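# Survey of secondary and tertiary structure
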Amino acid sequence: HAVFVRSPFAHARIRAIDVSAALELPGTQVLTAADVDLGSFQPPPIPGLDQQMGRPFLARDVVRFVGDIVAVVVTESRAEGVDAAQLVVVDYEPLPVAVGPEQALAGGVLLFPEAGTNVCMSHPAERDPDLFATCEAVVSGRLVSQRMAACPLEARGSAAAVGDDGRLTLWLSTQTPHQDRDELARILGLESADVRVVAPDVGGGFGAKLLSVEEILVAWLARRLERPVRWAETRSENMIAMAHGRAAVLEFTIGGTRGGVVEAYRLRILQDTGAYPRIGAILPGFTSLMASGVYAIPKIESEFTSVVTNTTPVGPFRGAGRPEATQAIERAMDLFALEVGLDPVEVRRRNLFASDAFPLTTASGAQYDCGDYERALDLALEAAGYEALREEQRQRREERGTLALGIGVSVYVEITNGLVEPEFGAVEITPEGEAILRTGSFSHGQGHETTFAMIVADRLGLPLESVRVIKGDTDEVRQGVGTYGSKSTQIGGVAALQAAHEVAERARELAADHLEASAGDVVLDAETGGFHVVGSPAPSVSWKELATSLQQQGRLDELRAEEVFKPDAPTFPFGAHVAVVEVDTETGNVELRQLVAVDDAGTIINPIVVEGQVHGGVATGVAQALYEEFLYDEDGMPLTATFLGYSFPSAAELPSFDVVSMETPTPINVLGAKGIGESGTIGATPAVQSAVIDALAPFGVRHIDMPANGERVWQALQRADSGE
Ligand code: MCN
């Protein structure tokens, strides 16, 4: 069992590590940086991302966040490991800290003095001082998309063993088994063929379960010690050691006509990447790309700067860069509506891209495939009963009660498969005439076992239960990219369909031999799964008969096909959400009364799975708007490292959401499918935040940062009362 000794300081020099007391416990080994020959866990080799800010696998001279790993203890049992870890004495010399991104940007404290800056990446815009020169109304704002913890119900765990054949197997709770295999092989100096990664059922990842130093160390230890090694983290370890999400400061200015037409928008993003930059540093690139949202804004200037801070590293978390874009533009639209004296819905309507404008390129550079934003908005308003809600709000305001009603609307578009990646799928027919799909996508809760099986079953005319989906084992599935960015269906699903198609076509030719007919005359009956001559259902050959016969001839391999599908472009799911909250103006308590979600992911494979994805996604979106925030004190001490402190909502806090379906098939792939896994998260947050602010509008409140919880609402009301 491996147990990590972690830094209790956010920034400190390591003067000495004394492992002698720990080593006195029988069967204990302790390894420190001096023992590890792996170099550093480098940031991905992305142009512009500072490569001097790599993370040593075990901290060498300096620790840079609470949770940084100083040593690893290996024992026969986990309990002994926990005891031994407490006996490792580290002499720290505390250093000044840079906790928030603004503080880090000021550069008073440098995390990597050799780099001479805390900026790990920046993407400046060509600044136009006259951007708003022609605008009649201009308004600016600042929004914090606060730091969140991904909180998968299953925390991370891994185990590694070297087999008799010298091959390394790593069992991992991950979303990307094949990428992890290749990365691990590279770091350990092995061939990919010498490594097997197995990801069994994974209890949630939410974007954050990418290969980490802990898991690499577990694999390295198994080879070094020539013993199987395992590690399972505690919840509080997960809260400080697994990548956090969001953590961006968004500053915006929006301008346009008094009639409510937006003419220009500026977005500046300051991204906190935590102590060691990885993917989190480049996510604001997506925020910047998606700055325009659903609006036809002629002039956009967006830029970002990413900085390192003495906090837990930041990585992708459900939405990953796109929620921030929507949060900023939707906040800006609300403030602009207020400025020009229009209803927020009306301002949105006046600026939406028209449904016949697609495909189009936004002023922030994104190429949208297709959409009908106004219809999504109309559906959401209708389902919520928007007019009646405004009437109820008017009445309540007249009555001057203590329960204020707030209504928030958001319209959003997001990018899925943003990196335009490929995916692998292989279909084979078993001797029993059933089918196996091997997919390079990974499902850590999204239900590919159902939806991908449906895609294959549909094409082969087999019952759903006759299709088995295999994923997550690099020995069982030859290649794969894995799952993030809600891309699985539009690439992995399509690869599965194409492989099934190829198998069906081959089978048709083989069935023609059986039927002594020409292949051109034989069809596969999708209802019965039998092959017959067109127009005459009998005689027919079933999959089972075909498979048995080919098996006897040793030719079953002919019913096997592999495909790699790479589309030409990403897809752009979109939708509209309406949130209704009730705010107690005496206590600040906020109750979410209703949330309507219209999320269009193109053609839907399975409406029940999709509804589940929307409900989960919306819960995460509401959690950011009202509940969750990972906090540090000024010394960089985490204040919310357990579920006692971190306000993770359960079903008890949330109403049942109203999900309205809408399908606009994309031309980018044959399924017509876009991603749905993150939509709810992206649409819900600004709608709910806006609803809380709307409830307090009569008090002159124009903004409340997230989470817009009771405390923040109460403080905003106090400030309003005192005329601040
Ligand atoms: N689907 C469908 N029709 C569509 C689109 C999707 O039926 N037009 C189905 C899919 O086949 C799949 C599910 O909906 O079963 C989600 O598919 P997709 O949108 O393609 O997204 P991915 O499978 O790539 O999932 C990733 C996405 C991300 S990025 C995060 S983060 C996330 C999420 O999905 N983390 C989750 N959903 C999660 N759900 C659970 N339970 N746990 C997580 O950690």
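Residues numbered from 1 in each chain as written. Predicted model: local features only at pLDDT ≥ 70, side-chain atom pairs only at ≥ 80, totals over all residues. Heavy atoms only, no water.

## Examining the overall build of the chain
Under the convention used in this document: Helical segments are the DSSP runs of H or I of at least four residues, strand segments are the runs of E of at least two, and each set is numbered from the N terminus. Atoms counted for the radius of gyration: C-alpha only. Globule rule: 2.2 Å times the number of residues to the power 0.38. Here the Shrake-Rupley method, with its probe set to 1.4 Å, supplies the accessible areas, and only the displayed protein chains count as covering residues.
Counting its secondary structure elements, the chain contains 17 helices and 32 strands. Relative to its length of 724 residues, the chain is compact, with a C-alpha radius of gyration of 28 Å against a globular reference of 27 Å. Along the first, second and third principal axes, the C-alpha atoms of the chain reach 90 × 75 × 45 Å. Of the accessible surface of the chain, which amounts to about 27,300 Å², a share of 50% is contributed by carbon and sulfur atoms.

## What about the sheet that holds strand β3 (residues 29-32)?
The condition is simple: Strands are labelled as partners when DSSP assigns at least two bridges between them. To define axes, lines are fitted to C-alpha atoms, for helices over the stretch in contact only, and angles between the resulting N-to-C directions are given on a 0 to 180 degree scale. The contact criterion used is simple: two residues touch if any of their non-hydrogen atoms lie within 4.5 Å.
Spatially, the three strands line up as an open sheet ordered β1-β7-β3, and their pairing is antiparallel. Only two strands of the sheet have a single neighbouring strand rather than two, namely β1 (2-6) and β3. Shown here is a sheet whose adjacent strand axes are inclined to one another by a mean of 25°, direction ignored. Against the sheet, helix α2 (residues 78-86) contacts β1 and β7 (69-74), and its axis sits at roughly 20° relative to β1. Running at roughly 40° to β7, helix α5 (residues 213-225) makes contact with β1, β3 and β7 of the sheet.

## So, the pattern of salt bridges
Basically, it comes down to this: A carboxyl oxygen of Asp or Glu within 4 Å of a side-chain nitrogen of Lys or Arg is what we treat as a salt bridge.
Under the defined criterion, the tally for this structure stands at 51 salt bridges. Across the pair Arg268 and Glu303 runs a salt bridge whose closest N-O atoms are separated by 3.2 Å. Of this pair, Arg268 sits in strand β18 (residues 262-272) while Glu303 is found in strand β19 (residues 299-307), placing the two residues 35 residues apart along the sequence. Residues joined in a network through salt bridges with shared partners are Arg6, Arg156, Glu214, Glu233 and Glu237.

## Observations concerning the packing of helix α8 (residues 322-340) against helix α9 (residues 344-351)
As a reminder of what qualifies: The labels follow the angle: roughly parallel below 35 degrees, roughly antiparallel above 145, roughly perpendicular from 65 to 115, and oblique for the rest.
Running from N to C, α8 and α9 cross one another at 110°; their axes reach a closest spacing of 9 Å. Looking at the two axes, α8 sits roughly perpendicular to α9. Seen from α8, the contacting residues are Glu330, Met333, Asp334, Phe336, Ala337 and Val340; seen from α9, they are Pro344, Val347, Arg348 and Asn351.

## What about the nonpolar core?
Generally speaking, nonpolar side chains in soluble globular proteins are found buried as a group. Heads up, the condition is: In these notes, a set of buried Ala, Val, Leu, Ile, Met, Phe, Trp, Tyr and Cys residues joined through side-chain atoms within 4.5 Å is what counts as a nonpolar core. The cut-offs for exposure are 20% and 50% of the maximum accessible area for each residue type, with area from a 1.4 Å probe on protein chains only; residues under the lower value are buried, those over the upper are exposed, and the others partly exposed.
Ile254, Tyr265, Tyr368 and Tyr373 are the most contacted members of the largest nonpolar core, which has 77 residues in total. Filtering out sequence-adjacent residues up to four positions away, Tyr368 remains in contact with Met290, Ser292, Gly293, Phe353, Phe358, Pro359, Leu360, Thr362, Tyr373, Val413 and Phe572.

## A look at the site of the ligand
The criterion, for reference: Near is defined per residue: the residue qualifies when any heavy atom it owns lies within 4 Å of the molecule or strand. Nitrogen and oxygen atoms within 3.5 Å of one another constitute a polar contact, given that in protein one can donate a hydrogen and the other can accept it, and given that sequence-neighbouring residues count only through two side-chain atoms. Each residue gets one of three labels, nonpolar for Ala, Val, Leu, Ile, Met, Phe, Trp, Tyr, Cys and Pro, charged for Asp, Glu, Lys and Arg, and polar for the others, Gly among them.
Around the ligand sit 32 residues, and of these Gln446, His448, Thr451, Ser488 and Ile676 come closest. With respect to the ligand, the side chain of Thr451 contributes an N or O atom lying 2.7 Å from an oxygen atom. For the ligand, a nitrogen atom lies 3.1 Å from a polar atom in the backbone of Ile605. Contact with the protein chains hides 95% of the accessible area of the ligand, taken as 840 Å² for the molecule alone. Among the elements of the structure, α12 (448-460), α13 (488-515) and α15 (607-627) are those that each provide at least two residues to the shell around the ligand. The leading source of residues in the shell around the ligand is α15, at three residues. Tallied by class, the residues present in the shell around the ligand amount to nine nonpolar, 19 polar and four charged.

## Considerations on the side chain of Ser441
You can see Ser441 is positioned in the loop between β24 (435-439) and α12. Owing to a relative accessible area of 1%, Ser441 belongs among the buried residues under this scheme. Setting aside chain neighbours within four positions, we find Ser441 in contact with Glu423, His448, Phe452, Lys471, Gly482, Thr483, Ser488 and Gly492.

## Some details on the packing of aromatic side chains
The cut-off we apply is this: Only centres within 6.5 Å qualify two rings of Phe, Tyr or Trp (six-membered ring in Trp) as a pair; their planes then separate them into stacked at under 30 degrees, edge-to-face at over 60, and tilted for everything else. A ring is considered to have a charge above it if a Lys NZ or an Arg CZ atom is located within 6 Å of its centre and within 35 degrees of its normal.
Across all of its chains, the model carries 13 aromatic pairs by this definition. Relative to Phe57, the ring of Phe41 lies with its centre 5.7 Å away and its plane at 40°, an arrangement referred to as tilted. Pair noted here: Phe41 is in strand β4 (residues 40-41) and Phe57 is in the loop between β5 (55-56) and β6 (62-63), with a separation of 16 residues, a long-range link. Taking the relative accessible area as the measure of exposure, Phe41 reaches 6% and is therefore buried. For Phe57, a relative accessible area of 2% puts it in the buried group. Linked through ring pairs, Phe65, Phe112 and Tyr276 together constitute an aromatic cluster. Arg278 extends its terminal NZ or CZ atom over the ring of Phe41, reaching a point 3.8 Å from the ring centre. Taking NZ or CZ as reference, Lys487 lies 4.2 Å from the ring centre of Tyr484, over its face.

## Topic: the sheet that holds strand β12 (residues 157-162)
Here we have four strands laid out as an open sheet, ordered β14-β13-β12-β15, and mixed in their pairing. Lying at the two open borders of the sheet, with one neighbouring strand each, are β14 (195-198) and β15 (229-232). Shown here is a sheet whose adjacent strand axes are inclined to one another by a mean of 10°, direction ignored. Of the pairings in the sheet, the one linking β12 to β15 comprises four bridges and is antiparallel in character. In the strand pairing of β15, Gly157 is matched with Ala232. Against the sheet, α5 contacts β12, β13 (168-172) and β15, and its axis sits at roughly 25° relative to β12.

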